[in-house]
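Fold and geometry: a report
One-letter residues, chain by chain:
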2 protein chains.
Amino acid sequence: MCVLGLGLIGGSILRALGRTGRPAYGWNRSAAAVDDAGAAGFDASSDLAATLRRAEEGGHVVVVAVPVPALDGVLAAVAEHAPNAWLTDAVSVKGDVARRVAAAGLTGRYAGGHPMAGTAFSGWEATDAALFDGATWVVTADDETPADAWRLAASVGLDCGAAIVPAGSTEHDAAVARISHSVHVVAEAVAITAELDPAAKQLALSLAASSFRDVTRVAGTAPSLVNAMCEANAPALLDALDDTIAELRAARAELAERGTVGAITERGYAARRRYENARRTPFSPVLDGAGWQRALREAGHAGGVVTALD
Amino acid sequence: MCVLGLGLIGGSILRALGRTGRPAYGWNRSAAAVDDAGAAGFDASSDLAATLRRAEEGGHVVVVAVPVPALDGVLAAVAEHAPNAWLTDAVSVKGDVARRVAAAGLTGRYAGGHPMAGTAFSGWEATDAALFDGATWVVTADDETPADAWRLAASVGLDCGAAIVPAGSTEHDAAVARISHSVHVVAEAVAITAELDPAAKQLALSLAASSFRDVTRVAGTAPSLVNAMCEANAPALLDALDDTIAELRAARAELAERGTVGAITERGYAARRRYENARRTPFSPVLDGAGWQRALREAGHAGGVVTALD
């Protein structure tokens, strides 16, 4: 396996694969991370063309784990130096990446990936071989996804200790807009709101207890990381923000007009209970026949996860 | 000490006082909690008049820890049976309680209290002697607050293991609207939003990871508890919700018009860091002289806490 980008996610993939004994090597643009990875015993290079030729000649899977702004350049290099390698990625949006992959002419070699794990930290120094243990890892099954690409992308996630959720790129982006991207924006708004009453600003910070701490935790994520994932998923995020704003406006109106917030608390409590009670069910994916991608999407949507491949 | 109401907060106060060896007894309306408290070795009764006469005759401090809807009845009983006892409470809003205390003619015996601790559970079975250890506990210092009432209310919190933050009732309510009440409403909205796209609803629940889990945790609080605290603090909560909605609308507009959320992430990150870096400084309160209440409010607003009384 060939991992491009050795930040938190790519570096942790390299470490997790190393833990299983799967041969793996990496590339990073900055020499500092390459040196750090090498010092930690990993096979890493800052020569992208040479790294990709090695993948092409060895028939290795290429895993792209670079930030969105670096994607186009890396994909062009893949198209030039490793056009026959199977390709996946670890970027947190999927529709935008699929369009860039198509623009590079690589759709026939590609299945998208998104490990649902992370921390507030970044860079090689934050990498962790156990980052994906027990996490879910989306592998996209769009109508044009090749079966071999899906199987190999899923095997990367499984080797890293995750369970695979098949999903379409569009529904993935809609879902993560609602359970991650908009959640970050809301956390920022809550953190800001605490300080907006000048007469109570210091007191609010002094009195803040566990509810405030937990709701604003992700506001401690580096702004550049939040910006990158939100900007790459703007249409779905706009829809999600519109829904959250509408809910808050309805609650505000109920409180102003009828003196209660009973409607939103009842619905919110029920939604949280459904989340707590959601269960994932392992299933064996069938990767051939007409419409196998649709069948996988439906299985993933219904709570199915892949925990092993034949 | 005499504790009225043996739910999560009142029952935990009884347990915490018992741990220090301070003589304490309780009353609860329902006989079941009284029986459970008695079986656990606590002195509890379901006879409110007799309990209050005992407090009046013994010169004990009365701590009111009943839900807001039960307050007026309990305060009327205090005025009838224990008009000379010193009085405090453990209700999560302060302006509303102060008005009810004034209506009962008890302002001259009263300082309000609010322990900033809790769990998503309720009732005697959820009580915990350590619930307030290391927590903050607001004791109100309004212009009409008697010094002896403040000292005794603070001693209740200190005996329970908390640090005391003096505050005015109005600024307390403004602060908790922003760090607790609106935070609950926002958590409900986020939990609901996850399910509002029918095409991605199940997938969202399946993919939700730590950011969603933490932000929606307080949506698991019983709706009746959230409703009660929000309804009793409606004016300050409306202001807080207006600010959160305005922040989200501004972020939405920035994303739609300029393709980024860079303004809210930068401000939200800075606000979260200020919260993380907020420090509390112990000070010795002076409870006499003109304007001592104002001096206490200013000290509390600047991050001062009382950790011991002379």
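Coordinates for the structure precede this section.
Sequence order sets the numbering: in each chain, residues are counted from 1 along the sequence as written. By the order in which they are written, chains take letters starting at A while ligands take numbers starting at 1. Local features in this predicted model are restricted to residues whose pLDDT is 70 or higher, and side-chain atom pairs enter the listing and the counts only when it is 80 or higher, whereas totals over whole chains, interfaces and linings include all residues. Side-chain numbers come from the whole structure's heavy atoms, not from hydrogens or water.

So, about the side chain of Glu247(A). To qualify as a helix, a DSSP run of H or I must reach at least 4 residues; to qualify as a strand, a run of E must reach at least 2; elements of each kind are numbered from the N terminus. With respect to the element layout, Glu247(A) can be found in helix 11 (residues 234-258). Overall, the relative accessible area of 11% leaves Glu247(A) in the buried class. What makes two residues a contact is simply this: any of their non-hydrogen atoms within 4.5 Å. Contacts of Glu247(A), omitting those with residues within four sequence positions, involve Ile264(A), Arg267(A), Ala189(B), Ile192(B) and Leu196(B). Residue exposure (1.4 Å probe, protein chains only): buried if accessible area is under 20% of the type maximum, exposed if over 50%, otherwise partly exposed.

Residue and element names in this part refer to chain A. By definition, two strands form a pair when at least two bridges between them are found by DSSP. Reading across the sheet, the five strands line up as 3-2-1-4-5 and stay open at both edges, with parallel pairing between neighbours. Each end of this open sheet is capped by a strand with a single partner; those strands are strand 3 (44-45) and strand 5 (87-89). Summarising the sheet, strand 4 (residues 62-64) and strand 5 pair through three bridges and their orientation is parallel. The residue of strand 5 that forms the bridge with valine 63 is threonine 88.

Listed as buried for helix 5 (residues 95-103) of chain A are Gly95(A), Asp96(A), Val97(A) and Val101(A). After helix 5 of chain A finishes, the residue Gly105(A) shows a positive phi value of roughly 75°.

Working definition of a nonpolar core: buried Ala, Val, Leu, Ile, Met, Phe, Trp, Tyr and Cys residues. They are joined through side-chain atoms within 4.5 Å. Ile179(A), Leu207(A), Ile179(B) and Leu207(B) are the most contacted members of the largest nonpolar core, which has 86 residues in total. If we skip the residues at most four places from it in the chain, Ile179(B) touches Ala194(A), Ala204(A), Leu207(A), Ala208(A), Ser211(A), Phe212(A) and Met116(B). Core analysis: the next-biggest nonpolar cluster, separate from the first, contains 40 residues, Phe42(B), Val63(B), Ala153(B) and Ala162(B) among them.

All names here are of chain A. A fitted line through C-alpha atoms represents every axis, and for helices the fit uses only the stretch in contact; the resulting angles, taken between N-to-C directions, go from 0 to 180 degrees. Close contact between helix 7 (residues 169-193) and helix 11 brings their axes to 8 Å; oriented N to C, the two are set at 60°. As the angle between them shows, helix 7 and helix 11 are arranged oblique. Seen along the crossing, helix 7 lies across helix 11 with a hand that is right-handed. Between helix 7, through Asp173, Ala174, Ala177, Arg178, His181, Ser182, Val185 and Val186, and helix 11, the contact on the second element is made entirely by Ala236, Leu237, Asp239, Ala240, Leu241, Asp243 and Thr244. Only Asp, Glu, Lys and Arg are considered charged in this grouping, and only Ala, Val, Leu, Ile, Met, Phe, Trp, Tyr, Cys and Pro are considered nonpolar; every other residue, Gly among them, is considered polar. Grouping the amino acids of the contact of helix 7 with helix 11 by side-chain chemistry returns eight nonpolar, three polar and four charged. Angle categories are assigned with fixed cut-offs, so that under 35 degrees is roughly parallel, over 145 is roughly antiparallel, 65 to 115 is roughly perpendicular, and the rest are oblique. Left-handed describes a crossing whose near helix is turned anticlockwise from the far helix through less than a right angle; right-handed describes the clockwise counterpart.

In this assembly, 91 residues from chain A lie in contact with 91 residues from chain B. Simply put, the buried area is the total loss of 1.4 Å probe accessible area from both parts when two parts are fitted together. Taking both sides of the interface into account, the surface hidden between chain A and chain B amounts to around 8,400 Å²; carbon and sulfur atoms contribute 69%. When the area that chain A buries against chain B is broken down by residue, the three leading residues are Leu207(A), Leu248(A) and Tyr275(A), summing to 8%. Salt-bridge detection follows one rule: a side-chain nitrogen of Lys or Arg within 4 Å of a carboxyl oxygen of Asp or Glu. Between the two partners, chain A and chain B, sit six salt bridges. Salt-bridge contacts for Arg274(A) lead to Glu195(B); the nearest nitrogen and oxygen are separated by 2.7 Å. At 18 residues, helix 7 of chain A tops the list of elements feeding residues into the side of chain A that touches chain B.

Turning next to the pairing of strand 8 (residues 163-167) of chain A. Residue and element names in this part refer to chain A. Strand 8 sits mainly inside the fold: five of its five residues count as buried. Burial along strand 8 is two-sided: Ala163, Val165 and Ala167 facing one way and Ile164 and Pro166 facing the other are all buried. Bridge analysis of strand 7 (residues 136-140) against strand 8 gives five bridges, and the strand direction is parallel. When the bridges of strand 8 are listed, threonine 140 appears paired with alanine 167.

Structurally, the position occupied by Glu188(A) is in helix 7. Only four residue types enter the tally: Lys and Arg on the positive side, Asp and Glu on the negative side; His and the chain ends are excluded. Although Glu188(A) lies buried, it forms no salt bridge, and the closest oppositely charged side chain, Arg272(B), sits 9.0 Å away as judged by the N-O distance. Other than its neighbours up to four places away in sequence, Glu188(A) contacts Ala219(A), Val226(A), Ile264(B), Thr265(B), Gly268(B) and Tyr269(B).

A separate point is the packing of aromatic side chains. Residues and elements named next belong to chain A. Side-chain rings of Phe, Tyr and Trp (the six-membered ring for Trp) are treated as a pair once their centres are within 6.5 Å; stacked means planes under 30 degrees apart, edge-to-face means over 60, and tilted covers the remaining angles. For the structure shown, the criterion picks out six aromatic pairs over all chains. Relative to tryptophan 124, the ring of phenylalanine 42 lies with its centre 5.7 Å away and its plane at 75°, an arrangement referred to as edge-to-face. Here the residue phenylalanine 42 occupies a position in the loop between helix 2 (31-39) and strand 3, and tryptophan 124 occupies one in the loop between strand 6 (113-115) and strand 7, the gap between them amounting to 82 residues. The same class applies to phenylalanine 42 as to tryptophan 124, namely buried. Its end group placed over the ring of tryptophan 86, arginine 109 keeps NZ or CZ at 3.8 Å from the ring centre. Ring-over charges, as used throughout, are those where CZ of Arg or NZ of Lys falls within 6 Å of the ring centre and within 35 degrees of the ring normal.

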